[in-house]
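# Architecture and fold: a report
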Amino acid sequence: MKIILGLIVVAVVGIGGWFALTTLQTSSAIDALAADTRANLIAVKGGTFDAGNFEITVQLENGDREVRLVSTSALPAYTVTLDDFSMLAGEALNSSFDLFTQATGRPSQVHNAAFGLGIPDHPANMTWQEATAYCAWLGDIAGLSLRLPTEAEWEFAARSRGALVPWGTAGGVWMPGENVSPADAPDAVKDAANQWPASPMGFYDFASGAKEWVSATSSDARIAKGGSSRSDAALETIPGRTIVHAVTSSWPGEPDRLAQQGYPYHAAYATARCASDEAGQGSGTVDFEAPAMVPVIGAQAVSY
């Protein structure tokens, strides 16, 4: 009997030690995420600009030039005046989203590396409701007031304070293998975050990675912005918008996680890039001259 009791005690102590170690590791990871969040919040000086669609000069394959609207899915141009705000340099990653679900007691996302699901350094796919809650939680742990950006804020930051550029890439142009992934790159390469040079203001993946939720709503729909490795990203320019309608059926493999959000919810290949009314530590670059002309870009192969 003493031997059995001793084994029980050892087992209990072992389990308790494991939970304590796991809790300590999670706490340390959350502290690191909070510090990283504060360090990577980029200040954007406000101003007045025309959000929505605009015209650019395109260099055609035959050498001719053509003036055309930059998007086929954008709102008509509208004038907006923005106060100063801040946005995170990069998209929410699976590693951060996992900490969020653990800390808030939410069902975890599916992890399957063979299908590209839950890989730590890839953007986290989440519903609009999750993105809203994630930003609030991230702000709590970082001591900031974080939220999803407005659509106009997102466009202003992606355009380096309103420059007439089609994409939020380094230089504002589309250069596969230099500032975005080549169309034929493996999904594991295209999905990895922060691998290409930042935009002039210091932002990553406005034109790649995953689509990004904004706070805008349209009837029962929600709006996602930017390009995605799961789409014809070259055609998804800054003013373009993906409209995601409410749904009531769960994603395959994740019924428990989504069912707990309540219905209707909004699910897509989209992630969060949180914004704040507070000043960020990064100053950003505000003097950026848009290229006078961009080469015409054709459709890419869709990877899903």
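On a predicted model such as this, the values are computed, not experimentally measured, just so you know. (Residues numbered from 1 in each chain as written. Predicted model: local features only at pLDDT ≥ 70, side-chain atom pairs only at ≥ 80, totals over all residues. Heavy atoms only, no water.)

### Brief notes about the pairing of strand β2 (residues 47-51)
Moving residue by residue along a regular strand, the side chains alternate between the two faces of the sheet. With burial as the criterion, only one face of β2 is covered, namely that bearing Gly47, Phe49 and Ala51; the residues Thr48 and Asp50 on the opposite face remain uncovered. The pairing of β2 with strand β5 (residues 78-82) spans five bridges and is classified as antiparallel. The partner of aspartate 50 across the bridge, within β5, is threonine 79. (Buried < 20%, exposed > 50% of the residue type's maximum accessible area, 1.4 Å probe, protein only. Helix = DSSP H or I, 4+ residues; strand = E, 2+ residues; numbered from the N terminus. Pairing = 2+ DSSP bridges.)

### Considerations on helix α2 (residues 94-104)
Taken as a whole, α2 has its buried residues at Asn94, Ser96, Phe97, Asp98, Leu99, Phe100 and Thr101. The positive-phi residue at the C-terminal boundary of α2 is glycine 105, with phi of around 70°.

### Some details on the packing of aromatic side chains
Under the definition given, this model contains nine aromatic pairs. Here the aromatic rings of tryptophan 167 and tryptophan 174 are separated by 5.5 Å at their centres, their planes lie at 55°, and the arrangement is tilted. Of the two residues, tryptophan 167 and tryptophan 174, neither departs from the other in class, the shared state being buried. Counting every residue linked through ring pairs, the aromatic cluster contains Phe97, Phe100, Tyr134 and Trp137. Positioned over the ring face of tryptophan 128 is arginine 222, at 4.4 Å from the centre of the ring. (Phe/Tyr/Trp six-rings, centres within 6.5 Å; stacked < 30°, edge-to-face > 60°. Lys NZ or Arg CZ within 6 Å of the ring centre and 35° of its normal.)

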